[in-house]
Amino acid sequence: MPAVRAEGLTKMFDGFKAVDAIDFQIEEGECFGFLGPNGAGKSTTMRMIHCGSPVTSGKLEVLGMDVNDSPRQIKQVIGVAPQENNLDPDFTVRRNLTVYGRYFDIPNGECGRRADRLLEFMQLSEKRDEMIPEISGGMKRRLIIARAMMNEPRMLILDEPTTGLDPQARHLIWEKVRELKRQKVTVLLTTHYMDEAERLCDRLVIMDHGKIILEGRPRELIDRVIGADVLEIDVPGDEMEAYVKERGWQYERTIDRLLVYTDQGQRVVAELKERFSMSYYLIRNATLEDVFLRSTGRALVE
Amino acid sequence: MTLLSNISWRSIALWKRNRDVFLFTWKTNFLPPFLEPILYLVAMGLGFGALIQADIEYGGRSLEYIKFLAPGLVAISIMYGAFFECSYGSFVRMYYQKTFDAVLATPLSLEDIIAGEILWGATKSFINATIVLAVVAVVGFSEMPGLLLIPVVAFAGGLMFASLAMLFTSLVPNLDSFNYPFFLFITPMFLFSGTFFPLSVLPGWGQQLAMALPLTHISNMARDLSYNIWDADMIIGTAYIALFTAITFLGSVYLMKKRLVK
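The structure presented is a predicted model; accordingly, all values stated were derived computationally and were not measured.

**Student:** How would you explain the overall build of chain A if you had to name every residue and give the values?
**Tutor:** Each helix and strand in chain A was counted, giving 11 helices and 14 strands. With the C-alpha coordinates of chain A rotated into their principal frame, the extents come out at 75 × 45 × 35 Å. Accessible surface, chain A as shown: approximately 13,500 Å² in total, 46% of it carbon and sulfur. Side-chain charges of chain A comprise 43 positive and 50 negative groups, with the mean position of each set lying 3 Å from the other.

Below, the structure is given as structure tokens:
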């Protein structure tokens, strides 16, 4: 049974299509990423999956259950770590977990045991008696993830889990997500950080304007859309661009750079060097960020 | 009744959340309902009441002003307990603390959350009114056995004022907007619901207007029970509370869904 199955999934807000008839399937035990610029529809999709927003049309099944018919049953077995910090400021760190566990009808004793175990897991044991406003942003994110795990979910939804965190805190969260993957928990992830998606996701989709524009494994997508290497040339001339175009190489011209996508970076550089003076250039491995920018465009989304 | 089909016993979990916060800060929570009636009894009863020589005729009994006033204070605490909790309190939890959003990701439905909040609001009325009642009863301004039923009225009346407050909570754009329901409904009720003076001094239209106000019925019931006056007020009041609660509860569920489900 797939963890999530969507067919023609659509969400309308006052005549505006936030999610436009998308199809996807997430298998149990995989880490699946939703990427896309702001307003692409990824958070809306996540909210429909955790029954926080009604589906306008199409079919959406979570762990074999229809979101329209069984929201309580679905919410009982999934964990949600929202983008927004909505920890309960009226309680201590530990109490946030036990009170949350009670919403799942978990007995008090068991709530306490799970809370202690999760605080340990997220390295928050020392902060157990602190109030929420007193802990750092990174700790809040970890606590939100710990809270999402109180009901020992079969599927965990992480909506931008590392936004605004320092590198140490990000790496700690990545470690924990990998540990969950080893425990065969299905993880759904949205992120703006392509390195994060590349490290964590088994498969991902890139969304734009409510539609899925790319789907696949991170490495596969890089190979398919970009190739092995990216050659970045500073301050290119129009003749150089014309030459690259004539040679039939995949390229992109930004305001101050020429990006050539190729599997043979060294050979392309040698060829260009023969004909043009290049003050500065760089050959680097293609990344998911290249895929993202190439597929969703470089224009700012406000 | 599709509006009610999503309410379940799970709303108790939300009630418990609010109870836990209340008990966590119990020292600040128990003091005001204990001190406030004493201040009112001294200022209004002993101070202002000293100017009132004649006894007040009420339900066939003749009461000193301070004895007339005391059950009114219980009624006021019923109104304020639930109304504050489900207006400012619920709005802060919904809008600033995002507590509703967090709980919505658990098996609770939005309807469970609203029901849990209203149950808690009624519980606040029950707690506050019982404390006020204890103070009033100790000085003899509320009598056995009728006073034993007042906490029941407090809970039922609490449900009514909590539902009314939730209705406003579902409508107001920000915290400051609660000034309107307070200025337009709560303060007039506080003053004109037979709390501080008997309604019989008002002209006929004034009395009829007062009978439309929820607090009038709570105030009548609290006073009748305090002095063991058994008349139609109890039946009329019970019917009024039931009807008013049903309408405002359904309205608040409907409007809250409209506000939060996107």
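**Student:** I'd love a proper account of the overall build of chain B, names of residues and values included.
**Tutor:** If you tally the helices and strands in chain B, you get 10 helices and 2 strands. For chain B, the succession of helices and strands along the chain, N to C, is α-α-β-β-α-α-α-α-α-α-α-α. In terms of overall dimensions, chain B is globule-like: its C-alpha atoms have a radius of gyration of 19 Å, near the 18 Å expected for 262 residues. Each of the 262 residues in chain B was classed as buried or not, and the buried ones make up 54%. Long-range contacts, defined here as pairs at least 24 residues apart, represent 80% of the contacts in chain B between residues at least 6 apart. A total of about 11,400 Å² of accessible surface is found on chain B, and carbon and sulfur atoms cover 72% of it.

**Student:** For the interface of chain A and chain B, give the residues involved together with the corresponding values.
**Tutor:** By a widespread convention, an interface's size corresponds to the accessible area lost as its parts come together. Counting residues at the interface gives 26 residues for chain A, matched by 28 residues for chain B. Taking both partners together, chain A and chain B bury about 2,200 Å²; carbon and sulfur atoms supply 54% of that area. On the chain A side of the contact with chain B, A:Arg72, A:Arg102 and A:Tyr103 bury the most area, a combined 34% of that side's loss. Between chain A and chain B we count 6 salt bridges in total. The salt bridge partner of A:Asp88 is B:Arg17, with a shortest N-O separation of 2.6 Å. Between the two partners, chain A and chain B, sit 17 residue pairs in polar contact (both at pLDDT 80 or more). Put simply, the parts of the chain that give the side of chain A that touches chain B at least two residues each are β1 (4-13), α2 (71-77) and α3 (93-103) of chain A. The leading source of residues in the side of chain A that touches chain B is α3(A), at 5 residues. A breakdown of the residues in the side of chain A that touches chain B according to their chemical character gives 11 nonpolar, 4 polar and 11 charged.

**Student:** Hey, could you go over the packing of helix α2 (residues 26-47) of chain B against helix α3 (residues 65-96) of chain B for me, with residue numbers and the actual values?
**Tutor:** Residue and element names in this part refer to chain B. At their nearest, the axes of α2 and α3 sit 10 Å apart, and the two run at 150° to each other. Judged on the interaxial angle alone, α3 and α2 are roughly antiparallel. Note on packing geometry: the crossing formed by α2 with α3 is right-handed. Residue-level contacts link Pro37, Tyr40, Leu41, Met44, Gly45 and Leu46 of α2 to Tyr65, Ile66, Leu69, Ala70 and Leu73 of α3. Classifying every residue of the contact of α2 with α3 gives 10 nonpolar, 1 polar and no charged.

**Student:** Explain the pairing of strand β4 (residues 57-62) of chain A to me, and be specific about the residues and the numbers.
**Tutor:** Residues and elements named next belong to chain A. In terms of strand pairing, β1 meets β4 through 5 bridges, oriented antiparallel. Note that in β4 the partner of glutamate 7 across the bridge is lysine 59. Note that β4 and strand β5 (residues 65-66) share 2 bridges and pair antiparallel. Among the inter-strand pairings, valine 62 is bridged to a residue of β5, identified as methionine 65. Between β4 and β5, which pair antiparallel one after the other, the connecting turn spans 2 residues, and leucine 63 there sits at a positive phi close to 50°.

**Student:** Residues and numbers for the domain arrangement of chain A, please.
**Tutor:** Partitioning chain A into domains gives domain 1 (4-222) and domain 2 (227-285). Between the C-alpha centres of domain 1 of chain A and domain 2 of chain A the distance comes to 40 Å.

**Student:** So what about the sheet that holds strand β11 (residues 229-234) of chain A? Which residues, and what values?
**Tutor:** All names here are of chain A. Within the open sheet, the 4 strands sit side by side as β12-β13-β11-β14. Their pairing is antiparallel. Taken across any chain shown, the strands that pair with only one partner, and hence form the sheet edges, are β12 (250-253) and β14 (281-285). Averaged over all adjacent pairs, the angle separating strand axes in this sheet is 20°, with direction ignored. Pairing between β11 and strand β13 (residues 257-262): 6 bridges, direction antiparallel. For aspartate 234, the partnering residue across the bridge sits in β13 and is arginine 257.

**Student:** Mind laying out the packing of α3(A) against helix α5 (residues 137-148) of chain A, listing which residues take part and the relevant values?
**Tutor:** Residue and element names in this part refer to chain A. Orientation of α3 relative to α5, taken along the N-to-C sense of each, is 25°, at an axis distance of 9 Å. When the axes of α3 and α5 are compared, the pair comes out roughly parallel. Read as a crossing pair, α3 and α5 show a hand that is right-handed. Here Val93, Asn96, Leu97 and Tyr100 of α3 lie close against α5, whose contacting residues are Leu143, Ala146 and Arg147.

**Student:** Describe the environment of A:Glu232, listing the residues and the values that go with them.
**Tutor:** All names here are of chain A. Checked against the element boundaries, glutamate 232 lands in strand β11. When sequence neighbours within four positions are dropped, the list of residues in contact with glutamate 232 reads Arg257, Leu258, Leu259, Tyr280, Tyr281, Leu282 and Arg284. Polar side-chain contacts of glutamate 232 include one of 2.8 Å to the side chain of arginine 284.

**Student:** Explain the nonpolar core to me, using residue names and the numbers behind them.
**Tutor:** A:Phe34 and A:Ile49 are the most contacted members of the largest nonpolar core, which totals 153 residues. When residues in this core are grouped by element, the largest group, 16 residues, is from α3(B). Two domains each donate at least three residues to this core, and these are domain 1 (4-222) and domain 2 (227-285) of chain A. Once residues lying within four places of it in the same chain are set aside, the contact partners of A:Phe34 are A:Phe24, A:Ile26, A:Lys42, A:Thr45, A:Met46, A:Ile49, A:Leu188, A:Leu189, A:Thr190, A:Thr191, A:Val205 and A:Met207. Counting 14 residues, the second-largest nonpolar core is a separate cluster that includes A:Leu231, A:Trp249, A:Leu258 and A:Val269.

**Student:** With reference to specific residues and values, describe the pairing of strand β10 (residues 211-216) of chain A.
**Tutor:** Residue and element names in this part refer to chain A. Strand direction decides the pairing type here: strand β9 (residues 203-208) and β10, joined by 5 bridges, are antiparallel. Its bridge partner lying in β10, leucine 204 is registered against glycine 216. Hairpin connection from β9 to β10: 2 residues lie between these consecutive antiparallel strands, with histidine 209 at a positive phi of about 50°.

Reading the values: the criteria
- Residues numbered from 1 in each chain as written.
- Chains lettered and ligands numbered in written order.
- Predicted model: local features only at pLDDT ≥ 70, side-chain atom pairs only at ≥ 80, totals over all residues.
- Heavy atoms only, no water.
- Helix = DSSP H or I, 4+ residues; strand = E, 2+ residues; numbered from the N terminus.
- Areas by Shrake-Rupley, 256 points an atom, 1.4 Å probe, with all protein chains shown as cover.
- Lys, Arg positive; Asp, Glu negative; His and termini not counted.
- Charge placed at Lys NZ, Arg CZ, Asp CG, Glu CD.
- Rg over C-alpha atoms; globule rule 2.2 N^0.38 Å.
- Buried < 20%, exposed > 50% of the residue type's maximum accessible area, 1.4 Å probe, protein only.
- Contact = heavy atoms within 4.5 Å.
- Buried area = accessible area lost by both parts, 1.4 Å probe.
- Salt bridge = Lys/Arg side-chain N within 4 Å of Asp/Glu carboxyl O.
- Polar contact = N/O pair within 3.5 Å; in protein donor to acceptor, adjacent residues only side chain to side chain.
- Nonpolar A, V, L, I, M, F, W, Y, C, P; charged D, E, K, R; others polar.
- Axes fitted to C-alpha atoms, helices over the stretch in contact; angles between N-to-C directions.
- Parallel < 35°, antiparallel > 145°, perpendicular 65-115°, else oblique.
- Left-handed = near helix turned anticlockwise from the far one by under 90°.
- Pairing = 2+ DSSP bridges.
- Domains from an automatic or database assignment.
- Core = buried A, V, L, I, M, F, W, Y, C linked by side-chain atoms within 4.5 Å.

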